[in-house]
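Next come the chains, spelled out residue by residue.
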Amino acid sequence: MSVEADLLSFIETELAPSEPLDRDTDLLLTGLVDSLGVMRIVEWIERSQGIEVHPADVILENFRTVGAMADYVGRRRVSSG
Amino acid sequence: MRGLNHLLDADRIDPGAPAVGDGDRSVDYAQLADRAGRLSAALVDAGVGPGDRVGIHLRKSVESMVAVHAVLRAGAVYVPLDRAAPTDYVAGLMRDCGVAVAVSDASPGQLAELSTQTPLGVVVGPDAAGPGPRVVPWTAVAGYEPAPAVEVATDDPAYVIYTSGSTGRPKGIVHTHGSGLAYARLAAATYGLRPDDRMANVAPLHFDQSTFEVLAGPLAGSFVLVIPDPVLRFPASVTELIERERVTIWYSVPYLLLQLLRRGVLDQRDLSSLRWVLFGGEVFPPGLLAELMEQLPHARFSNVYGPAEVNQCTYYHLDEPPPADEPVPVGRAWDDTELVVVDDDDHPVGAGCEGELLVRSTTVMSGYWGQPEATEAAFRTLAGAASDGARWYATGDLVAERPDGDLVFLGRADHQVKVRGHRVELEAVESAMQELDGVSEAAAVVRGTEAIVALVVADGSLDADAVLASLRERLPSYAVPAQIVEVPRLPRTATAKIDRERTRELLVDRS
């Protein structure tokens, strides 16, 4: 599966959104993801994708949507590989 | 100026000075006054008269600042409602103080639900009309001519901020134009607020810390940077915003400052614009405060103390990192404020002795909305030398005076605790739990300053997930326990009260 599909399934399982979401759903405006949720997603990315997420990268732009998170993971893979 | 209704008047502030922004866009004081004036006219047209309560149910934004000043300008009373709270909880507050008109950005579905449970009849905000309340869209508000300020008296109510009550019924703290303006003036004077200051608004409107920026900001003609809630979840984004917007004043609970220290990549940011960092609402662990102060050497720090009922009453400025092994004092009274520390019989205690802190000040609330008995219980008159019939607000906080005159906070006289800076009365959490199916008895304790843990004696089999789901519908998120632990019986004291000390020990043993 793609990173995007994995992320969607992780968020759907772990954070139990009340409405269906896709790659462009704003996770922050809906209140679905709070600061603890952000940390859980960061941990999941580090564990399952085998990359280190720098604290400076944990910013709104990289985590607003599942699409933004997948793009970030893609960029990190290129820069470290 | 006698009231908060005139805060945006053009003869006070340079109309071209920046007034409020959110990092993406900003408006100057002329635009803020213009927009508040138009919304004020729309509210009056919707039937809002002096003293009427108007709900502000908005995400923190430029619009929420506009809404506060529109309501004050109309001589009405603003009631901030937590945009993230469950519908039933918000509806309870709206019924309590009779909110018939609100400014909201909630979904048409939620507004329809609110209007069936409350007197809500008109909502300013959503563009699409749904079933439920009559909707006045922002585009229609722009068509009104700005209304002049409606005159008010000093003791007319200006805003109602809700806090949790020990029986589970929230109490609406009523501040008047007089107490709100007195607070804004003292805050502006104590921290030397200037027109070139750029204040970060961190607290949501329903948290009383927000009045520092929302009221004292315009009083001083300073710029207020509203930090949107999504940004607050990313400490590295917050510090980036502070740097980019050259914020000079920050005020928040210690919890958020600790987030900046841990995850805000302070070593990669230039935050030298900060001249004041204010914290309050809970105790700042002194070792971590010292660490933060070393990271922000340009800023002066100040411990802000005062229950929402009095706005603020003491300050303690720090120029040097504090010693790691003593609590940071709450300090001493600011101007126009008297403090007395009393024993159980309301007799003043000597310096150095522990007692409850009582306050009298121009910044004290007028009372709790619609709850004369709770208001009565919150105030005391003293016998003896200090007796002149004056009302003292009893904080419920235990303090002692140090030899240098600064007060130190020692704890609560009751079971109110702070969770991430929010006041929670543990009895309120317990009584909400006891109403649920499957729960026979419940005890709540706070773990650190960040979460509540509940012990439950089950009535039959316990479905902890179902209990938590029900609580999420009844309580604000910060009051919902992070964990539920099933126990055969609760530790109780000789008088059958929950023994919180032993409850906490029980949890430590289990972890």
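Please read all numbers here as calculations on a predicted model, not as lab measurements.

Engineer: Talk me through the side chain of Glu213 of chain B; I want residue IDs and the actual numbers.
Structural biologist: Residue and element names in this part refer to chain B. Position of Glu213 among the secondary structure elements: in helix 7 (residues 211-220). At 2.8 Å, the side chain of Glu213 and the side chain of Asn201 are in polar contact. Ignoring any residue separated from it by four or fewer positions in sequence, one finds Glu213 in contact with Met65, Met199, Ala200, Asn201, Val202, Pro218, Val224 and Tyr251.

Engineer: Tell me about the sheet that holds strand 27 (residues 483-486) of chain B, residues and numbers included.
Structural biologist: All names here are of chain B. The strand order across the open sheet built from three strands is 25-26-27, with neighbouring strands paired in mixed fashion. Pairing within the sheet leaves two strands with one partner each, and these edge strands are strand 25 (439-447) and strand 27. Strand after strand, the sheet turns through a mean of 25° between neighbouring axes, direction not considered. Inspection of the sheet shows strand 25 paired to strand 26 (residues 451-458) by eight bridges, in the antiparallel sense. Looking at the pairing, Glu441 lines up with Val457 of strand 26. Along the sheet face, helix 13 (residues 426-434) touches strand 25, strand 26 and strand 27 and points at about 150° away from the line of strand 25.

Engineer: Mind laying out the packing of aromatic side chains, listing which residues take part and the relevant values?
Structural biologist: Enumeration over the complete set of coordinates arrives at 10 aromatic pairs over all chains. Ring centres of Phe10 of chain A and Trp44 of chain A lie 5.1 Å apart, and the angle between their planes is 20°; this geometry places the pair in the stacked category. Taken as a pair, Phe10 of chain A in helix 1 (residues 3-15) and Trp44 of chain A in helix 2 (residues 35-49) lie far apart in primary sequence, 34 residues in all. Take Phe10 of chain A: its relative accessible area is 12%, and that puts it in the buried class. Here Trp44 of chain A falls in the buried class, since its relative accessible area comes to 11%. Ring geometry for Tyr191 of chain B and Trp276 of chain B: centres 5.0 Å apart, planes at 90°, overall edge-to-face. With Tyr191 of chain B in the loop between helix 6 (177-190) and strand 10 (198-201) and Trp276 of chain B in strand 13 (residues 276-280), the pair connects residues that are 85 residues apart, well separated along the chain. Since its relative accessible area comes to 4%, Trp276 of chain B is described here as buried.

Engineer: Summarise the packing of helix 9 (residues 235-245) of chain B against helix 10 (residues 254-263) of chain B; cite the residues concerned and give the values.
Structural biologist: Residue and element names in this part refer to chain B. The geometry of helix 9 relative to helix 10 is characterised by a closest axis approach of 8 Å and an angle of 95° between their N-to-C directions. Here helix 9 is positioned roughly perpendicular relative to helix 10, judged by the angle of their axes. Along the contact surface, helix 9 presents Pro235, Ala236, Val238, Thr239 and Ile242, while helix 10 presents Gln259, Leu260 and Arg263. Residues of the contact of helix 9 with helix 10, tallied by class, amount to five nonpolar, two polar and one charged.

Engineer: Describe the interface of chain B and chain A, listing the residues and the values that go with them.
Structural biologist: If you look at the interface, chain B gives 11 residues, while chain A gives 16 residues. Taken together, both faces of the contact between chain B and chain A bury some 1,200 Å²; the carbon and sulfur share is 65%. When the buried area of chain B at its contact with chain A is split by residue, Arg233, Phe234 and Arg263 of chain B rank highest and sum to 50% of it. Between the two partners, chain B and chain A, sit zero salt bridges. Put simply, the parts of the chain that give the side of chain B that touches chain A at least two residues each are helix 8 (229-232), helix 9 and helix 10 of chain B. A per-class count over the side of chain B that touches chain A returns six nonpolar, two polar and three charged.

Cut-offs applied
Residues numbered from 1 in each chain as written. Chains lettered and ligands numbered in written order. Predicted model: local features only at pLDDT ≥ 70, side-chain atom pairs only at ≥ 80, totals over all residues. Heavy atoms only, no water. Helix = DSSP H or I, 4+ residues; strand = E, 2+ residues; numbered from the N terminus. Polar contact = N/O pair within 3.5 Å; in protein donor to acceptor, adjacent residues only side chain to side chain. Contact = heavy atoms within 4.5 Å. Pairing = 2+ DSSP bridges. Axes fitted to C-alpha atoms, helices over the stretch in contact; angles between N-to-C directions. Phe/Tyr/Trp six-rings, centres within 6.5 Å; stacked < 30°, edge-to-face > 60°. Buried < 20%, exposed > 50% of the residue type's maximum accessible area, 1.4 Å probe, protein only. Parallel < 35°, antiparallel > 145°, perpendicular 65-115°, else oblique. Nonpolar A, V, L, I, M, F, W, Y, C, P; charged D, E, K, R; others polar. Buried area = accessible area lost by both parts, 1.4 Å probe. Salt bridge = Lys/Arg side-chain N within 4 Å of Asp/Glu carboxyl O.

It is worth stressing that arrangement in space is one thing and function is another; only the former is reported here.
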